[in-house]
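# Analysis of the macromolecular model
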Amino acid sequence: AMAEGGLKMNQNQPGALALVGSGEYLPEAQELEAELLRFGISRGKSNTYIQIPTAAGRESQDSLDYWKRLGQSQADALGVTAVHLPIYTRDDAFKQEHVDAIKNSALMYMSGGDPHHLAEVLIDTPVWNAIVENWESGASLAGCSAGAMVLSAQIPNFRMLKRSPSKGLNLLPHIRVIPHFNTLFK
């Protein structure tokens, strides 16, 4: 929720939640990402920008390195600490160092890629539990494209429309996110 001067604060509610269609880490998203960070910091969270690139985990190393650099550049421009968490497999989502990095961060950002892979990796893991706990205690949580889609109970299969939806992370059970609708549905 936005109010004059930024996001509204209520100590009895979770942190800010952003469902972003595209453009994570780009200059066009800088104002939004800065506001999400400010909100988390205002709720007592550390000046830390967590990059969760899981949805891109099946892409090439060059692609993964590009997104990591782009996220670091955005964090540098915002004057915050970037923490890139290479959570690409379910084993990665059980690593204590990833759980510890998420705790008390101001912004957790799940970027784009394959939403089905993202859900399969994070469902019922300590990393997902840490994300939810941190958000519920005031941190900002953002999902871009696949990262937004996965927050629903079900993820549509836009590339294979006859296939049933797959299970999402169920943070927003009554919402379906359809990013890039202008290119998917002509």
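Basis of the calculations
Residues numbered from 1 in each chain as written. Predicted model: local features only at pLDDT ≥ 70, side-chain atom pairs only at ≥ 80, totals over all residues. Heavy atoms only, no water. Pairing = 2+ DSSP bridges. Helix = DSSP H or I, 4+ residues; strand = E, 2+ residues; numbered from the N terminus. Axes fitted to C-alpha atoms, helices over the stretch in contact; angles between N-to-C directions. Contact = heavy atoms within 4.5 Å. Buried < 20%, exposed > 50% of the residue type's maximum accessible area, 1.4 Å probe, protein only. pLDDT = per-residue confidence, 0-100. Salt bridge = Lys/Arg side-chain N within 4 Å of Asp/Glu carboxyl O.

## Comments concerning the sheet that holds strand S3 (residues 17-20)
- Taken together, five strands build an open sheet; the order of strands is S3-S7-S6-S4-S5 and the sheet is parallel. Both outer strands of the open sheet, S3 and strand S5 (81-84), are each paired with one neighbouring strand and no more. Along the sheet, successive strands turn relative to each other by an average axial angle of 15°, direction set aside.
- In this structure, S3 lies alongside strand S7 (residues 140-144), joined through four bridges in parallel fashion. Bridge pairing links Val20 to Cys144 in S7.
- Strands strand S4 (46-52) and S5 of the sheet are contacted by helix H2 (residues 61-78), whose axis makes an angle of about 160° with S4.

## So, the side chain of His117
- One can find His117 in helix H4 (residues 115-122).
- Classification of His117 as buried rests on a relative accessible area of 7%.
- Excluding its chain neighbours within four sequence positions, the residues that come into contact with His117 are Thr54, Gly57, Arg58 and Tyr88.

## As for the confidence of the model for the protein
- When pLDDT is averaged along the protein, the result is 89, and 86% of the positions lie at 70 or above.
- Contacts for the low-pLDDT stretch residues 1-5, under 50 throughout, to residues beyond four places or in other chains number eight contacts.

## Looking at the pattern of salt bridges
- Scanning the model with the defined rule gives five salt bridges in all.
- Salt-bridge contacts for Arg58 lead to Asp114; the nearest nitrogen and oxygen are separated by 3.5 Å. On the criterion of sequence distance, the pair formed by Arg58 in the loop between S4 and H2 and Asp114 in the loop between strand S6 (105-110) and H4 is long-range, its members being 56 residues apart.
- The exposed category is assigned to Arg58, whose relative accessible area is 57%.
- Judged by its relative accessible area of 24%, Asp114 falls in the partly exposed class.
- Salt-bridge contacts for Asp100 lead to Lys103; the nearest nitrogen and oxygen are separated by 4.0 Å.
- Look at Asp100 and you get partly exposed, because its relative accessible area is 42%.
- On the accessibility criterion, Lys103 (48% relative accessible area) is partly exposed.
- Counted as one network, the salt bridges with shared partners bring together Arg58, Asp114 and Glu120.

## Quick notes on H4
- For H4, the tally of buried residues reaches seven of eight residues, placing the bulk of the element in the interior.
- Within H4, burial applies to Pro115, His116, His117, Leu118, Ala119, Val121 and Leu122.
- Lining the buried residues of H4 we find S6, helix H5 (126-136), helix H6 (146-149), strand S8 (154-155) and strand S9 (166-167).

## Comments concerning unusual backbone geometry
- The backbone phi angle of Tyr25 is positive, close to 70°, even though this residue is not glycine.
- Note on placement: Tyr25 falls in the loop between S3 and helix H1 (30-42).
- Look at Tyr25 and you get buried, because its relative accessible area is 3%.
- Residue Asn170 is not a glycine yet carries a positive backbone phi of 65°.
- When you line up the elements, Asn170 lands in the loop between S9 and helix H7 (181-184).
- For Asn170, a relative accessible area of 43% puts it in the partly exposed group.

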